[in-house]
Amino acid sequence: QVQLVESGGGLVQAGGSLRLSCAASGRTFTDYSMGWFRQAPGKEREFVAGISKSVGVTNYADYADSVKGRFTISRDNAKNTVYLQMNSLKPEDTALYYCAAKRSVFPVQSGYNYWGQGTQVTVSS
């Protein structure tokens, strides 16, 4: 199975930026679609962004409405790594962010069955 390790979390002021990274190992990275989820205290885990494995030359990406235009997901297959660039951060983005993987392509927002341990993002007002 694939192992996932997140990094890049931290404390940032509102309006600032962070880039999360998720390094995958154990299996062929290009066989997996990748996603980012988050869970705030007292709330359920929610989808943030996802990027599929290639279908031909296309990687399908999708975002939660709450982060569209502020967050960007990308993957570097040569480095077996998926990134989440987070700009214009808001206090409500504070959460534990998880990286996830699955072998299927669709739906991009769900169906993930491999998970990392999470990295904490805290946005101060």
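This text goes with the structure placed above it.
Below is a summary of the structure that appears in this document. Note that the structure is a prediction, hence the values are computed from the model and not measured.

Moving on, we come to the sheet that holds strand S1 (residues 3-7). Pairing is antiparallel in the open sheet, where four strands are placed in the order S1-S3-S8-S7. What marks the edges here is a single partner per strand, and that holds for S1 and strand S7 (71-76). Sheet twist, expressed as the average angle between the axes of neighbouring strands with direction ignored, equals 15°. One ladder, built from six bridges, connects strand S3 (residues 18-25) with strand S8 (residues 81-86); its direction is antiparallel.

This part covers the pattern of salt bridges. If you walk through the whole model with that rule in mind, you get four salt bridges. A salt bridge links Asp-65 to Lys-68, with the shortest nitrogen-to-oxygen separation between them at 3.3 Å. By relative accessible area, Lys-68 is classed as partly exposed at 45%.

The grouping of Val-55, Tyr-60 and Phe-106 at the surface amounts to a nonpolar patch, some 280 Å² of accessible area in total. Given a relative accessible area of 51%, Phe-106 falls into the exposed group.

This paragraph deals with the packing of aromatic side chains. Pairs of aromatic rings are described using the distance from one ring centre to the other and the angle between the two planes. With the rule as written, the count across this model stands at five aromatic pairs. Ring geometry for Phe-37 against Phe-47: centres 5.6 Å apart, planes inclined by 75°, an arrangement best described as edge-to-face. Of the two residues, Phe-37 sits in strand S4 (residues 33-39) while Phe-47 sits in strand S5 (residues 46-51), which places them ten residues apart along the sequence. In this pair, the class of Phe-37 matches that of Phe-47, namely buried.

What follows covers the side chain of Arg-38. Residue position: Arg-38 is located in strand S4. Here the side chain of Arg-38 touches Ser-66 through a polar contact of 3.4 Å, side chain to side chain. Within the local environment of Arg-38, its side chain forms a polar contact with the side chain of Asp-93, the two groups lying 2.9 Å apart. When neighbours within four sequence positions are excluded, Arg-38 is seen to be in contact with Glu-44, Arg-45, Glu-46, Val-48, Ser-66, Val-67, Phe-71, Glu-92, Asp-93, Ala-95, Leu-96 and Tyr-97.

Every regular strand shows the same layout, with side chains that alternate between the two sheet faces. Counting buried positions along S4 yields six of seven residues, so the element is predominantly enclosed. Inspection of the sheet shows S4 paired to strand S9 (residues 95-102) by seven bridges, in the antiparallel sense. The residue bridging Gln-39 from the neighbouring strand is Leu-96, located in S9. The sheet contact formed by S4 and S5 spans five bridges and is antiparallel.

It is worth spelling out the nonpolar core at this point. With 35 residues, the main nonpolar core has Met-34, Trp-36, Val-82, Leu-84, Met-86 and Tyr-97 as its most contacted residues. Where this core is concerned, the elements lending two or more residues are S3, S4, S5, S7, S8, S9 and strand S11 (119-124).

Rules used in this analysis
Residues numbered from 1 in each chain as written. Predicted model: local features only at pLDDT ≥ 70, side-chain atom pairs only at ≥ 80, totals over all residues. Heavy atoms only, no water. Pairing = 2+ DSSP bridges. Helix = DSSP H or I, 4+ residues; strand = E, 2+ residues; numbered from the N terminus. Axes fitted to C-alpha atoms, helices over the stretch in contact; angles between N-to-C directions. Salt bridge = Lys/Arg side-chain N within 4 Å of Asp/Glu carboxyl O. Buried < 20%, exposed > 50% of the residue type's maximum accessible area, 1.4 Å probe, protein only. Patch = residues over 30% accessible without salt bridge, like charges linked within 9 Å, V, L, I, M, F, W, Y side chains within 5 Å. Areas by Shrake-Rupley, 256 points an atom, 1.4 Å probe, with all protein chains shown as cover. Phe/Tyr/Trp six-rings, centres within 6.5 Å; stacked < 30°, edge-to-face > 60°. Polar contact = N/O pair within 3.5 Å; in protein donor to acceptor, adjacent residues only side chain to side chain. Contact = heavy atoms within 4.5 Å. Core = buried A, V, L, I, M, F, W, Y, C linked by side-chain atoms within 4.5 Å.

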